[in-house]
Amino acid sequence: MPQTSAGVDERIEGLKYLARNHPEVAWKICVEQFGLLRSRVGGYSHKPRWRADARGHGEPDSGSEAWRFVLAAVDLALGWSLQTGQTLGDLIGHLAFFDEAQQDRILNLIEHWNDTASDTDRVSLREVLRVTTLSRRANRHSPATIKKVRKLYEELAPRDVVLLHAWLFKKEWIAEPFDAIEEDSDYEKRKERIDAQRLEALRSVMAGRGLKGVLDLAESDDAAAVVGRLLVRLFDSKEEINNGLEFFIDHPLNEGRTIKLIVSGILHAVPATDFTEILSELVRGRPKESIVAVLTLAPFNRQTWDIVEKFGEEIPNAYWKEARPVWGCGKEELQHAVDRLLEAGRPRAAFATATHQFSKLNPKQLFRLVNALAMRSDEPDGTYPPDSYN
């Protein structure tokens, strides 16, 4: 509700003035009006007390005055002098609120913009199209509109193979693809379908840009562990797996989380029958710091620990100082892990590992664990804090 005595024509002229002189501010005002094409819910703003000219104004208007301002904002937005990926994304995000003629006008604007847009900008707008228009949850459009948007989605495909497939690895959980089977609500089937798409994408990246392209793909998004997990399926032999691991760990493992997540993903996906041979070969002849860094990325289980113990005393001690324990070990593995973590001065890590499975510990071990928690330890503050319900 406008807290002003200015008429609708004056307010429209004021919006046009802002568009000429302060376009960023005017654009935000225009976008705010788009939702009003369907929703008529509003709220009061603070009534001015320092002037009398607006007294008696600011009440809801459900007639033509409100619609005139909304339609003026729509016309202004569709005729915006300089459309960018951001402004077009805002229009696409509200596509369902426009009529068919306005939707066609927006899609035509994107087609013209596409002629000069960069690959990076194309990818950003393409993702907005996919999530807000073509995903199952956002499917609120007529079949004719969906057909046009799908065509435009393909036209916006970037030339770079990494950018083309980046959306599949943006998050570990991605929005349902627009061509997913509508009635398929089975989680495992959905996972298999998305894994198949991701695997095909990795195959394309490998063919076009090799492992360097895979690394670029993982660095651009947040699902690097998924990249590593699926990459194992593209390797035809243990030698290829080792070569792939060598490529990634030749990059300093302490320079970022992406490399660590890829290596960890690969090691967790290696078949158990080949794991000992592959990991042993991978760490052979490396400096101590590199060996410990690689071992801490391997699965937290007996297979890894057996390899750790073969290095005498120094490397095992360093490993248990750095290892990242996980919940869900078997009884024998859990008891061994708790003992070694306590010996390494990490009672909070040991407690976190045993959470929800304290029954697997023997009474003496449980007493040692609780007693160590009450004592000062060398663990950094804030690491593995016990949950309140413990």
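These lines cover the structure that appears in this document, whether it is placed above or below. (Residues numbered from 1 in each chain as written. Predicted model: local features only at pLDDT ≥ 70, side-chain atom pairs only at ≥ 80, totals over all residues. Heavy atoms only, no water.)

## Some remarks on the overall build of the protein
Line of reasoning, step 1. Looking only at helices and strands, the protein has 19 helices and 0 strands in total.
Line of reasoning, step 2. In the protein, buried positions account for 43% of the 390 residues.
Line of reasoning, step 3. Counting contacts in the protein only where the partners sit at least 6 residues apart, residues at least 24 apart contribute 69% of the total.
Line of reasoning, step 4. Total accessible area on the protein is roughly 21500 Å²; 52% of this is exposed by carbon and sulfur atoms. (Helix = DSSP H or I, 4+ residues; strand = E, 2+ residues; numbered from the N terminus. Buried < 20%, exposed > 50% of the residue type's maximum accessible area, 1.4 Å probe, protein only. Contact = heavy atoms within 4.5 Å. Areas by Shrake-Rupley, 256 points an atom, 1.4 Å probe, with all protein chains shown as cover.)

## Thoughts on the layout of surface pockets
Line of reasoning, step 1. Computed from the structure, the second largest pocket encloses a volume of approximately 400 Å³.
Line of reasoning, step 2. Taken together, 19 residues form the lining of the second largest pocket, with Leu261, Ser264, Gly265, His268 and Leu297 sitting closest to its centre.
Line of reasoning, step 3. Broken down by secondary-structure element, the contributors of at least two residues to the lining of the second largest pocket are helix H10 (224-231) and helix H12 (257-269).
Line of reasoning, step 4. Top element by residues in the lining of the second largest pocket is H12. It accounts for 7 residues.
Line of reasoning, step 5. Looking at the lining of the second largest pocket, its residues break down into 9 nonpolar, 5 polar and 5 charged. (1 Å grid on protein atoms, 1.4 Å probe; cavity = no way out; pocket = protein on both sides within 12 Å on 5 of 7 lines; lining within 4 Å. Points joined across faces, edges and corners; volume = space filled by probe spheres on them. Nonpolar A, V, L, I, M, F, W, Y, C, P; charged D, E, K, R; others polar.)

## Examining the packing of aromatic side chains
For any pair of aromatic rings, the description rests on two quantities: the centre-to-centre distance and the angle between the ring planes.
Line of reasoning, step 1. Tallying each qualifying case throughout the model produces 8 aromatic pairs.
Line of reasoning, step 2. Residues Phe247 and Phe248 carry aromatic rings whose centres are separated by 5.1 Å and whose planes lie at 80 degrees to one another, so their mutual orientation is edge-to-face.
Line of reasoning, step 3. We classify Phe247 as partly exposed; its relative accessible area is 26%.
Line of reasoning, step 4. Under the relative-accessibility criterion, Phe248 is labelled buried at 0%.
Line of reasoning, step 5. Between Tyr319 and Trp320 the ring centres are 5.1 Å apart and the planes differ by 85 degrees, which places this aromatic pair in the edge-to-face class. With respect to burial, Tyr319 and Trp320 carry one shared label: buried.
Line of reasoning, step 6. The residue whose ring lies beneath Arg126 is Tyr153, and the NZ or CZ to ring-centre distance is 3.9 Å. (Phe/Tyr/Trp six-rings, centres within 6.5 Å; stacked < 30°, edge-to-face > 60°. Lys NZ or Arg CZ within 6 Å of the ring centre and 35° of its normal.)

## Let's talk about the pattern of salt bridges
Where side chains of opposite charge bring their charged atoms close, a pairing between them can arise.
Line of reasoning, step 1. Considering all chains together, one arrives at 24 salt bridges under this definition.
Line of reasoning, step 2. The salt bridge partner of Arg302 is Asp306, with a shortest N-O separation of 3.8 Å. Residue Arg302 and its partner Asp306 are located together in helix H15 (residues 302-309), separated by 4 residues, close to a single helical turn.
Line of reasoning, step 3. The exposure class assigned to Arg302 is partly exposed, which follows from its relative accessible area of 25%.
Line of reasoning, step 4. Asp306 gets classed as partly exposed once you look at its relative accessible area, which sits at 40%.
Line of reasoning, step 5. The network of salt bridges with shared partners includes Asp160, Arg209, Lys212 and Asp216. (Salt bridge = Lys/Arg side-chain N within 4 Å of Asp/Glu carboxyl O.)

## Some words on empty space enclosed by the protein
Line of reasoning, step 1. Scanning the model with the defined rule gives 1 cavity of 30 Å³ or more in all.
Line of reasoning, step 2. In this structure, the largest cavity spans a volume of roughly 60 Å³.
Line of reasoning, step 3. As for the largest cavity, its lining consists of Val123, Arg126, Glu127, Tyr153, Pro158, Leu163, Leu164, Ala166 and Trp167.
Line of reasoning, step 4. When residues in the lining of the largest cavity are grouped by element, the largest group, 3 residues, is from helix H6 (residues 119-134).
Line of reasoning, step 5. When the residues that make up the lining of the largest cavity are grouped by side-chain class, the tally is 7 nonpolar, no polar and 2 charged.

## Description of the environment of Gly244
Line of reasoning, step 1. Position of Gly244 relative to the elements: it lies in helix H11 (residues 238-249).
Line of reasoning, step 2. Its relative accessible area of 1% is what places Gly244 among the buried residues.
Line of reasoning, step 3. Sequence spacing of Gly244 and Gly228 is 16 residues, and the spatial spacing of their C-alpha atoms is 9.9 Å.
Line of reasoning, step 4. When residues no more than four places from it in sequence are discounted, the contact partners of Gly244 are Leu211 and Phe235.

## A word on the side chain of Arg122
Line of reasoning, step 1. The topology assignment puts Arg122 in helix H6.
Line of reasoning, step 2. A polar side-chain atom of Arg122 sits 3.0 Å from a polar atom in the side chain of Asp119.
Line of reasoning, step 3. Aside from chain neighbours lying at most four places away, what touches Arg122 is Trp113, Asn114, Ala117, Leu156 and Arg159. (Polar contact = N/O pair within 3.5 Å; in protein donor to acceptor, adjacent residues only side chain to side chain.)

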